[in-house]
Amino acid sequence: MHLELRGITKRFGSLVANDHIDLDVEPGQIHALLGENGAGKSTLMNVLYGLYEPDEGQIVIDGKPVSFANPKDAIAAGIGMVHQHFMLVPVFTVAENVTLGIEPVRSLPHLRVAGRLGLLDRRRARREVKELSARYNLDVDPDAVVEHLPVGTQQRVEIIKSLARQAEVLILDEPTAVLTPGETDELFAILKSLQASGRSVVFITHKLREVQAVADQVTVIRQGKVVEHLAPTATDAQLAAAMVGREVRLRVEKGPAAPGEVVLAISGLTVADDLGGTAVNDFSLEVRRGEIVGIAGVQGNGQTELCESLLGLRPALAGTVTIAGDDLTGADTRTVLRAGVGYVPEDRQDDGLVGDFTIAENLALDVYDQAPYSRGPALRLDALRDIAARQIAEFDVRTRSSEVPVRTLSGGNQQKVILARELSRPVNLLVASQPTRGLDIGSIEFVHKRIVAARDGGAGVLIVSSELDEIYALADRIAVMSDGRIIGIRPPTVSREELGLLMSGAHRDAPAEAAS
Amino acid sequence: MTAATLIPTGRRTVDRQLAAGVTLALLGVMDLALFGLAGHTGTAKFGMSLAGASVHVPDLSLPARGTPIVAGAISIVLGALRIRLDLSPALRRTTMGAAIGLFLVSFLCWAAAGQTLSLVGLLQSTATRSIPIVLGALAGCLCERAGVINIAIEGQLLLGAFVAAVAASATGNLWVGLLTGSLAGGLLAAMLAAFAIAFVVDQVVLGVVLNVFASGLTGYLYDRILVTYQRTLNQPPVFRNWKVPVLGDIPIIGPVFFDSNVFLYLTYGALFLVQAFLFHTRWGLRVRAVGEHPVAAETVGIRVLATRYRNVILGGLVAGLGGAYLTIGSVGAFGKDISSGKGYIALAALIFGRWTPLGAVGAALVFGFADALQNVLSILGTPIPSDVLLMLPYAATILVVAGLVGKVRAPAADGRPYVKS
Ligand SMILES: Nc1ncnc2c1ncn2[C@@H]1O[C@H](COP(=O)(O)OP(=O)(O)OP(=O)(O)O)[C@@H](O)[C@H]1O
Ligand SMILES: [Mg+2]
């Protein structure tokens, strides 16, 4: 299928999110869409998927103009989309999710009525899933319940769901943001096999390495306009310059750490996960003022629960947590924050922001009751607005005003709001989980600088990231976490191979243990 | 499982294990002491068939003191096992169920000492008394599986009862009463749907308001019209029992399930239909998708709002039927607030039954049984004060269900309005 977008324009009030965008996706092409946060990539894809109606412009499929009033139309025209927040029913099985809306029903030759009742043909649904997963190497169990599957597998279910609807063009919006490096490689293999079957893929990413790895064609969008078409052979510097319009330093400069007193001491911490198992297991670590400790590890090895426990969001079953000299084991979140802890949660939409609050309100969420935000029981709205305006400018949050609901911001800009809030006040300790998830490279540079500045200002910093590049860029010491424990601490000069081995080593142990 | 994975959960599991074990043992001690040692001597007789049954099953005689003592001992042993062993969830539920069952047996032996208690009669009235609750719970199930909270079951029962009584009296035709009663419930549900779906009113508040409205409206009409025209408008005929040939003659089961009036058959018919449709058809899958993740449903072309309207109104029709039972299926005349909280019990049954029709029936039967028992006990004459007896159905439902049902989870989008962006 040959897909063309011609002169697509989409406005939100006075803001032009897409400004006469042309895009040409040829059959069998993997097309990367690159651009800063708020450039208009997701908006464009939502237009293509029938979620937004364009104000101007046309979608043309194989030479014929089409228009989509809703996703149903887009699906019928052969367009599939894998959303950042998956459109899967968590309590349904894989087969049920894949066939929802196009369910195979049993036809009983001698019982015509039964056919009309629409009895689900589960066996056929299962077979369809199996066929698709065999054909495109999408390994999934059709009977697994979706909520029990890791994100990478859920994403595969989304892809199968699109394929089951005969998608010819597959849209993926930042598909790798939530994946582990291993899962990312698997996804790319899948994309290649889709390509081999003549389907096309449009995917959005902020990671230049990925563009170079799979894309055939790159389109760069800046402030709603297409600014450049590039071949994937372009260098990092070229791609970055096209995106941001200036030169970007991909690696921040930082001086050597000057570690001071211990600001965070975790000793023997044990934390349960949601299912009653052990997520963090006898975990001990110290972070000093003036140093950045990076926790590297494959996601799902207890990092989330560790951070939640430090912040008082999840009870500790054993062990102690001492912050700036005070024993804060089991303290409530407010007490922890008052002890001077800044926190960037992993899931910005669930834990970091209140979507319907304005940007200004979100920026004051954890300090609203202190000067200068409040005087006595009253909020000082003017102070709120002034400070917000300053932070928005400083962190380059792309928005029209500080008074719009935060959910209308692009993904990366939402992340910047959290970072602005947590990095703008003096802290003793900064705990940041995936701090630059979804940020464009220009913003990553800026955020990394700010984190290093916090360190140099005397704060202890704990970074959790599944992104090795980020760990290398920031950490003064790298702690590898696996199966709820620290299995090794290395200096930042450690090789990628050794780190990778450490991270996966524990994983190799587990099945061997089970087998013996 | 390695030892390490047991450590953190250990504290909590031990606490719960201990609490459950102690509960079991306490039930056992009550059997033993209250009903056994302090009970009456003699035998307790339980009637196993009704007078005139074609197949006669002999009565069951149990020693009135010995049975509770043995039952109590078993429960205490079960309690000890529960504390000492880490049982599987299924076994845990079985032990709790067994202890509750033994408690019931002990209680009945104590209450029926030296007398005869018709067990079949008790079960028969359990089945009929749970009819409005089962229908109410089915109504709730249809709504909430599609994502609309239905607090208004009570009002739908009430309005259905009123309209059925009046229509059946006025026309002299029971089927007209049944149909209009059901439609009345559907009408109230249509109001619920319109306000909840189109105007996005808070569904809990809305449900309560509709209940007050139904109670006020029927109360007013009762005072102003039915009292005056009692003979023409509030003396409906009542559906007669129709015994199913052959099946009705099966011992015990026959009189309980196959010798009743049309409402019981409709109830169980509806129950199996809803259960089957909800979990085995295309329609059911889509309904559940709408109740769990409406945005996902919409993107694959399922019409979320239409599904919700349809289900809420369908639920109302079912609840209206339950209302009709209260008058033309049982006592005949309408009385003020005749539903007496059954709609809320139905709601509880739905939740305790994990939003599944079969589960809800289980909970509804517990209530029906306690309700029937309360009635029988007041006839047998026990030293328990009658006010306490009246409380029994409600207390029993809470206790049994709390003991047997673990954590429940509502449909994810239950009560959340869906607004197209
Ligand atoms: N529903 C909406 N209402 C108002 N403004 C919106 C809405 N959705 C997006 N915008 C605005 O449109 C612009 C483009 O947003 P979009 O989400 O397309 O960016 P993006 O390129 O996907 O960025 P990111 O890389 O951060 O995800 C942003 O300025 C955003 O604030
Ligand atoms: Mg985006």
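Residues numbered from 1 in each chain as written. Chains lettered and ligands numbered in written order. Predicted model: local features only at pLDDT ≥ 70, side-chain atom pairs only at ≥ 80, totals over all residues. Heavy atoms only, no water.

## Let's talk about the pairing of strand β1 (residues 3-12) of chain A
Residue and element names in this part refer to chain A.
Inference 1: With 7 of its 10 residues buried, β1 lies for the most part within the structure.
Inference 2: Bridge count for β1 against strand β4 (residues 56-61) is 5 bridges, and the pairing is antiparallel. Following the sheet pairing, Glu4 is matched in β4 by Val60.
Inference 3: Between the antiparallel neighbours β1 and strand β2 (residues 15-25) lie 2 residues, among them Gly13 with a positive phi of about 60 degrees. (Buried < 20%, exposed > 50% of the residue type's maximum accessible area, 1.4 Å probe, protein only. Helix = DSSP H or I, 4+ residues; strand = E, 2+ residues; numbered from the N terminus. Pairing = 2+ DSSP bridges.)

## Here's the deal with the packing of helix α5 (residues 131-145) of chain B against helix α15 (residues 342-352) of chain B
A pair of packed helices can be characterised by two numbers: the angle between their axes and the separation between those axes.
Residues and elements named next belong to chain B.
Inference 1: Contact pair α5 / α15: the axes reach a minimum separation of 8 Å and the direction vectors enclose 60 degrees. Taken together, the axis directions place α5 and α15 in an arrangement best described as oblique. For the element pair α5 and α15, the recorded crossing hand is right-handed. Contacts between α5 and α15 pair Pro132, Ile133, Gly136, Ala137, Gly140, Cys141 and Glu144 from the former with Lys342, Ile345, Ala346, Leu347, Ala349 and Leu350 from the latter.
Inference 2: Tallied by class, residues from the contact of α5 with α15 come to 9 nonpolar, 2 polar and 2 charged. (Axes fitted to C-alpha atoms, helices over the stretch in contact; angles between N-to-C directions. Parallel < 35°, antiparallel > 145°, perpendicular 65-115°, else oblique. Left-handed = near helix turned anticlockwise from the far one by under 90°. Contact = heavy atoms within 4.5 Å. Nonpolar A, V, L, I, M, F, W, Y, C, P; charged D, E, K, R; others polar.)

## Thoughts on a positive patch on the surface
Inference 1: Side chains of Arg16, Arg92, Arg93, Arg354 and Lys407 of chain B sit close together on the surface and give a patch of like positive charge.
Inference 2: The residue Arg354 of chain B is located in the loop between α15 and α16 (357-380) in this model. (Patch = residues over 30% accessible without salt bridge, like charges linked within 9 Å, V, L, I, M, F, W, Y side chains within 5 Å. Areas by Shrake-Rupley, 256 points an atom, 1.4 Å probe, with all protein chains shown as cover. Salt bridge = Lys/Arg side-chain N within 4 Å of Asp/Glu carboxyl O. Lys, Arg positive; Asp, Glu negative; His and termini not counted. Charge placed at Lys NZ, Arg CZ, Asp CG, Glu CD.)

## A few points about the nonpolar core
Inference 1: Within the largest apolar cluster, 59 residues are counted, with the highest numbers of intra-cluster contacts made by Ile133, Leu138, Leu178, Phe239, Phe263, Ile328 and Phe334 of chain B.
Inference 2: Elements with a minimum of two residues in this core: α5, α6 (153-171), α7 (174-198), α8 (203-226), α11 (262-280), α14 (304-331), α15 and α16 of chain B.
Inference 3: Excluding residues that lie within four positions of it along the chain, Leu138 of chain B makes contacts with Thr267, Ala270, Leu271, Val274, Val318 and Pro357 of chain B.
Inference 4: One finds Ala32, Leu132, Val146 and Val248 of chain A within the second-largest nonpolar core, a separate group that totals 48 residues. (Core = buried A, V, L, I, M, F, W, Y, C linked by side-chain atoms within 4.5 Å.)

## Notes on the site of ligand 1
Residues and elements named next belong to chain A.
Inference 1: Every one of the 19 residues lining ligand 1 counts as a neighbour, but Gly38, Ser42, Thr43, Ser410 and Gly412 are closest to it.
Inference 2: With respect to ligand 1, the backbone of Thr408 contributes an N or O atom lying 3.0 Å from an oxygen atom.
Inference 3: Note that an oxygen atom of ligand 1 is positioned 2.7 Å from one of the side-chain N or O atoms of Ser410.
Inference 4: Across the complex, the protein chains shield 87% of the 630 Å² of accessible surface that ligand 1 would expose by itself.
Inference 5: Among the secondary structure elements, those contributing two or more residues to the shell around ligand 1 are β2, α1 (41-48) and α15 (411-423).
Inference 6: Residue contributions to the shell around ligand 1 peak at 3 residues, all from α1. (Near = heavy atom within 4 Å. Polar contact = N/O pair within 3.5 Å; in protein donor to acceptor, adjacent residues only side chain to side chain.)

## Side note on the interface of chain B and chain A
Inference 1: Each partner contributes to the interface: chain B provides 24 residues, whereas chain A provides 32 residues.
Inference 2: Taking both partners together, chain B and chain A bury about 2,500 Å²; carbon and sulfur atoms supply 62% of that area.
Inference 3: The largest per-residue losses of area from chain B upon contact with chain A belong to Arg282, Leu285 and Thr299 of chain B, which jointly make up 24% of the total buried on that side.
Inference 4: Glu103 of chain A is the salt-bridge partner of Arg286 of chain B, the closest N and O atoms lying 2.7 Å from each other.
Inference 5: Residues that form the side of chain B that touches chain A fall into these classes: 10 nonpolar, 7 polar and 7 charged. (Buried area = accessible area lost by both parts, 1.4 Å probe.)

## Topic: the domain arrangement of chain B
All names here are of chain B.
Inference 1: For chain B, the assigned domains read domain 1 (10-114) and domain 2 (124-404).
Inference 2: Distance from the C-alpha centre of domain 1 to the C-alpha centre of domain 2: 32 Å.
Inference 3: Both sides of the domain 1 and domain 2 interface together cover about 1,200 Å² of buried area, and 81% of this is carbon and sulfur.
Inference 4: When its residues are assigned to classes, the side of domain 1 that touches domain 2 shows 12 nonpolar, 2 polar and 1 charged. (Domains from an automatic or database assignment.)

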